[in-house]
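Tertiary structure, described
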Amino acid sequence: DTGVSQDPRHKITKRGQNVTFRCDPISEHNRLYWYRQTLGQGPEFLTYFQNEAQLEKSRLLSDRFSAERPKGSFSTLEIQRTEQGDSAMYLCASSSRQVGEKLFFGSGTQLSVL
Amino acid sequence: TQLLEQSPQFLSIQEGENLTVYCNSSSVFSSLQWYRQEPGEGPVLLVTVVTGGEVKKLKRLTFQFGDARKDSSLHITAAQPGDTGLYLCAGARTSGTYKYIFGTGTRLKVLA
């Protein structure tokens, strides 16, 4: 399977705990995106990388959120001291000029903070 | 602040009917994409439009980008139950940026 892979698919955690999600993009794609989506709403932009460089980060993100893409391949999104309002679907996407900047999305990680 | 507003928010129609979904903004976009998303999955790209006034057709789906590149529409002819899903528009504000902002979404249900 050469699509975008996200792990885990589901995460249940208690308020105050830290969580980390992983995204493996399509191998030849140099851009990687993180979005957050709540039920019935459009995805909300969080951040994106070009290779290993984090080019933009949403001002909506608090300091509790951090993302890395250390070698320009897979990426991790960490949420520290989770709050109930962090409950959402976290989507990862990748793209490249070769595919006309089409965003290929993974199936997401559904986070529930109790 | 949501830059892209979609209407209607919800739409339930009978099989065979036509419908139009709108994506509006006060901002200019260098390109605009339409996606469809099914429950538990990520969005899947349907089309990209880049030129003001551009019209693209994909089988029963017709996409139009406004002349001023601030709005777009998606028209579905003779809707089928398989068209059911969440339709999303997404735009890039300026050329050379790859930050895509998504609209508020339109949930479509087509009844057999």
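Now for a description of the structure that goes with this document.

Criteria and cut-off values
- Residues numbered from 1 in each chain as written.
- Chains lettered and ligands numbered in written order.
- Predicted model: local features only at pLDDT ≥ 70, side-chain atom pairs only at ≥ 80, totals over all residues.
- Heavy atoms only, no water.
- Helix = DSSP H or I, 4+ residues; strand = E, 2+ residues; numbered from the N terminus.
- Buried < 20%, exposed > 50% of the residue type's maximum accessible area, 1.4 Å probe, protein only.
- Contact = heavy atoms within 4.5 Å.
- Areas by Shrake-Rupley, 256 points an atom, 1.4 Å probe, with all protein chains shown as cover.
- Lys, Arg positive; Asp, Glu negative; His and termini not counted.
- Charge placed at Lys NZ, Arg CZ, Asp CG, Glu CD.
- Buried area = accessible area lost by both parts, 1.4 Å probe.
- Salt bridge = Lys/Arg side-chain N within 4 Å of Asp/Glu carboxyl O.
- Polar contact = N/O pair within 3.5 Å; in protein donor to acceptor, adjacent residues only side chain to side chain.
- Nonpolar A, V, L, I, M, F, W, Y, C, P; charged D, E, K, R; others polar.
- Disulfide = S-S within 2.5 Å.
- Pairing = 2+ DSSP bridges.

**Considerations on the overall build of chain B**
A count of helical and extended segments in chain B gives zero helices and 11 strands. Principal-axis analysis of the C-alpha atoms gives chain B an extent of 45 × 30 × 20 Å. The buried share of chain B, taken over its 112 residues, is 47%. Here the analysis covers contacts within chain B between residues at least 6 apart in sequence; of these, 55% occur between residues at least 24 apart. Split by element, the accessible area of chain B, about 5,300 Å² in all, is 49% carbon and sulfur. Each charge class in chain B was averaged separately, 11 positive and 9 negative side chains, and the resulting centres sit 5 Å apart.

**Things to note about the interface of chain A and chain B**
Listed per partner, the contact involves 21 residues of chain A and 20 residues of chain B. Taken as a group, P43, L103 and F105 of chain A account for 22% of the area that chain A buries against chain B, more than any other trio of residues on that side. Counting the contacts that link chain A with chain B gives one salt bridge. With a closest N to O distance of 2.9 Å, E56 of chain A and K99 of chain B form a salt bridge. Across the contact surface, chain A and chain B share nine residue pairs in polar contact (both at pLDDT 80 or more). Residue assignment for the side of chain A that touches chain B shows that the elements contributing at least two residues are β4 (31-37) and β5 (44-50) of chain A. Partitioning the side of chain A that touches chain B into residue classes produces eight nonpolar, seven polar and six charged.

**Let's talk about the state of the cysteines**
A full pass over the atoms with the stated rule returns two disulfides over all chains. For C23 of chain A, the disulfide goes to C92 of chain A, at an S-S distance of 1.9 Å. Around the S-S axis, the bridge from C23 of chain A to C92 of chain A shows a dihedral of about -70 degrees and counts as left-handed. Of the two residues, C23 of chain A is situated in strand β3 (residues 19-24) and C92 of chain A in strand β9 (residues 88-95); the sequence distance between them amounts to 69 residues. On the basis of relative accessible area, C92 of chain A is assigned to the buried category, the value being 0%. Paired by a disulfide, C23 of chain B and C89 of chain B hold their sulfur atoms 2.1 Å apart. Between C23 of chain B and C89 of chain B, the S-S torsion sits near 80 degrees, and that sign places the bridge as right-handed. With a gap of 66 residues between them, C23 of chain B in strand β3 (residues 19-24) and C89 of chain B in strand β9 (residues 85-92) connect regions that are remote in the sequence.

**Describing the pairing of strand β4 (residues 31-37) of chain B**
All names here are of chain B. Burial within β4 is extensive, with six of its seven residues counted as buried. Here β4 runs beside β9; their pairing, made up of seven bridges, is antiparallel. Residue pairing across strands places R36 opposite Y87, the latter belonging to β9. Alignment of β4 against strand β5 (residues 44-49), held across five bridges, turns out to be antiparallel. Bridged to Y35 within β5 is L45. Adjacent in sequence and paired antiparallel, β4 and β5 are bridged by six residues, among which G40 carries a positive phi angle near 80 degrees.

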